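Understanding the architecture of this molecule
Spelled out, the chains give:
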Amino acid sequence: MFMLRKIYCRTFQLVFKAALPFLPYRKPKIISSVAGIAKVCRENHIHSVMIVTDKGIRRLGLTVFLEKTLTEHGISYYIYDRTVANPTIWNVEEARRMYLWHGAQAIIAFGGGSSMDCAKAAGARIVKPRQSVSQMKGLLKVHKKLPLLIAVPTTAGTGSETTLAAVITDSRKHHKYPINDFSLIPRYAVLDYHETLGLPANLTASTGMDALTHAVEAYIGGTTTKETRKMAEEAVRLVHKYLKAAYDNGQDKRARKGMLRAAYFAGVAFTKSYVGYVHAVAHSLGGQYGIPHGLANAVVLPIVLRMYGTSCEKKLAELAWKSKIADPGTKKKQAAGQFIDWIQEMNDSMGIPRHFPEIKKRDIPRMARHADKEGNPLYPVPKLMNQRELAEIYIKVKGN
């Protein structure tokens, strides 16, 4: 990367870090059970809600208890269940129309990160009817308070129940981009482990590694705070302790509780301290090939950490020591290497592939441009990369 561009990127990031104490970050209020949603609705004089979810969640019957609870308390509801794995502008607009048609007063995002992203973007469109989804991409383009938004995660990984981001796909252009605004942070997050029991093993794996990616990228970046470092460390510790147990036994209540906490802490960490090139690359893979975000993050994470080299060695070693992946007396370089090796071992043990051979070489330059535009200057990465260097990541992710 040219020196002038490096100076610009780092200056932008320093200004952003200096502004952190003055920005209106907030944490969602936590509800411990789905049963508590009706009470929150009554307290906020809500009589009609729209539930945003997907067909898989409904087939599993996960929304049945919520529907029963709302009915018992005289709260009408309407369900939008056509959200896809990488929610599209079409999904957002269809959900918005349903909300307005039925005169709903609040939105309950029920599911994984896709349902939450769709719900957030639909809420933004509801309060900004003259602004298209594409016009909201980037930083602070919404500016208006959304309808009451309650997030119910059924996976433990995305952290979307805590974040200011919604990632939407333009299916016509095969391009995926984030919308970032403080108004997108849900007002309430329901951390009910019952909703994650029996989550399929493959989703447990990919969403759990998604949470790990959030924590690691937040920790190794240049805009950390004392709070976000603590949150990221705790998230990594919990993933190390509980993810494989939750994968091996979907009914392990302790592991499910631990992973919900890990996802929440990681979400708080990256909401303030941001992510890095792993996310920029993963977003473009989702937009181009429909690869689920958590799966893309899991595959890309060890590759990018190795490419960062010594620039994040010290921080990776700290995570390795604090999560007991490496012994306290292990030297820094060795501890950092053990941490990356552990990530790869976790992926392998849960059936996550090492590469995406479906990547086409002709698509790499365009995806690298998208990753460069998303990541620079916003993401406070330990090592800055340009389009050519980012293209090398895709080549490694593709494999032989």
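Everything discussed here concerns the structure shown above.
Calculation criteria
Residues numbered from 1 in each chain as written. Predicted model: local features only at pLDDT ≥ 70, side-chain atom pairs only at ≥ 80, totals over all residues. Heavy atoms only, no water. Core = buried A, V, L, I, M, F, W, Y, C linked by side-chain atoms within 4.5 Å. Buried < 20%, exposed > 50% of the residue type's maximum accessible area, 1.4 Å probe, protein only. Helix = DSSP H or I, 4+ residues; strand = E, 2+ residues; numbered from the N terminus. Pairing = 2+ DSSP bridges. Axes fitted to C-alpha atoms, helices over the stretch in contact; angles between N-to-C directions. Contact = heavy atoms within 4.5 Å. Patch = residues over 30% accessible without salt bridge, like charges linked within 9 Å, V, L, I, M, F, W, Y side chains within 5 Å. Areas by Shrake-Rupley, 256 points an atom, 1.4 Å probe, with all protein chains shown as cover. Salt bridge = Lys/Arg side-chain N within 4 Å of Asp/Glu carboxyl O. Lys, Arg positive; Asp, Glu negative; His and termini not counted. Charge placed at Lys NZ, Arg CZ, Asp CG, Glu CD. Parallel < 35°, antiparallel > 145°, perpendicular 65-115°, else oblique. Left-handed = near helix turned anticlockwise from the far one by under 90°. Nonpolar A, V, L, I, M, F, W, Y, C, P; charged D, E, K, R; others polar.

If you look at the biggest cluster of nonpolar residues, it comprises 92 residues, and the most contacted ones within it are Val216, Leu285 and Phe339. Top contributing element to this core by residue count: helix H9 (residues 253-273), with 11 residues. Core analysis: the second largest hydrophobic core is formed by 28 residues, Ala104, Ala109, Met136 and Ile168 among them.

It is worth spelling out the sheet that holds strand S2 (residues 48-52) at this point. If you trace the 6 strands from one edge of the open sheet to the other, you get S1-S9-S6-S4-S2-S3, paired in parallel fashion. Each of the sheet's edge strands pairs with one partner strand only, and the pair in question is strand S1 (29-31) and strand S3 (76-80). Going from strand to strand, the sheet's axes swing by 25 degrees on average, the running direction of each strand aside. The pairing of S1 with strand S9 (residues 188-190) spans 3 bridges and is parallel. Residue pairing across strands places isoleucine 30 opposite alanine 189, the latter belonging to S9. Of the strands in this sheet, S2, S3 and strand S4 (106-111) are in contact with helix H5 (residues 89-102), which crosses S3 at around 160 degrees.

Here the focus is a positive patch on the surface. Where like charges cluster on the molecular surface, the positive patch consists of Lys137, Lys141, Arg172, Lys173 and Lys373. Tracing the backbone through its elements, the reader meets lysine 173 in the loop between strand S7 (165-170) and strand S8 (175-180). Take lysine 173: its relative accessible area is 54%, and that puts it in the exposed class.

The subject of this paragraph is the environment of isoleucine 325. Inspection of the secondary structure assignment puts isoleucine 325 in the loop between helix H12 (313-322) and helix H13 (332-349). Sequence separation between isoleucine 325 and phenylalanine 339 is 14 residues, and the spatial gap between their C-alpha atoms is 6.5 Å.

As for its position among the elements, lysine 315 is in helix H12. Accessibility expressed as a relative area gives 27% for lysine 315, which makes it partly exposed. Counting along the chain gives 67 residues from lysine 315 to proline 382, while the straight-line C-alpha distance between them is 10.0 Å.

This next bit is on the packing of helix H10 (residues 277-289) against helix H11 (residues 293-308). At a minimum axis separation of 8 Å, H10 and H11 run at an interaxial angle of 140 degrees. Here H10 is positioned oblique relative to H11, judged by the angle of their axes. Like other packed secondary-structure pairs, H10 and H11 cross with a definite hand, here right-handed. Across the interface between the two elements, Tyr277, Val278, His279, Val281, Ala282, His283 and Leu285 of H10 pack against His293, Ala296, Asn297, Val300, Leu301, Val304 and Tyr308 of H11. Broken down by class, the residue content of the contact of H10 with H11 amounts to 10 nonpolar, 4 polar and no charged.

Right, let's talk about the pattern of salt bridges for a bit. Counted by the stated rule, this structure contains 18 salt bridges. With a closest N to O distance of 3.9 Å, arginine 96 and glutamate 93 form a salt bridge. Of this pair, arginine 96 and glutamate 93 both sit in helix H5, 3 residues apart, which is roughly one turn of the helix. Arginine 96 sits in the buried class, given a relative accessible area of 15%. For glutamate 93, a relative accessible area of 16% puts it in the buried group. Taken together, the salt bridges that share partners define one network made up of Lys27, Glu227 and Lys272.

With mixed pairing, the 3 strands of this open sheet are ordered in space as S5-S8-S7. The two strands at the open ends of the sheet, each matched to only one other strand, are strand S5 (138-139) and S7. The pairing of S5 with S8 spans 2 bridges and is parallel. Within the sheet, the bridge partner assigned to leucine 139 lies in S8 and is asparagine 180. Packed onto the sheet, H10 meets S7 and S8 and runs at close to 130 degrees relative to S8.

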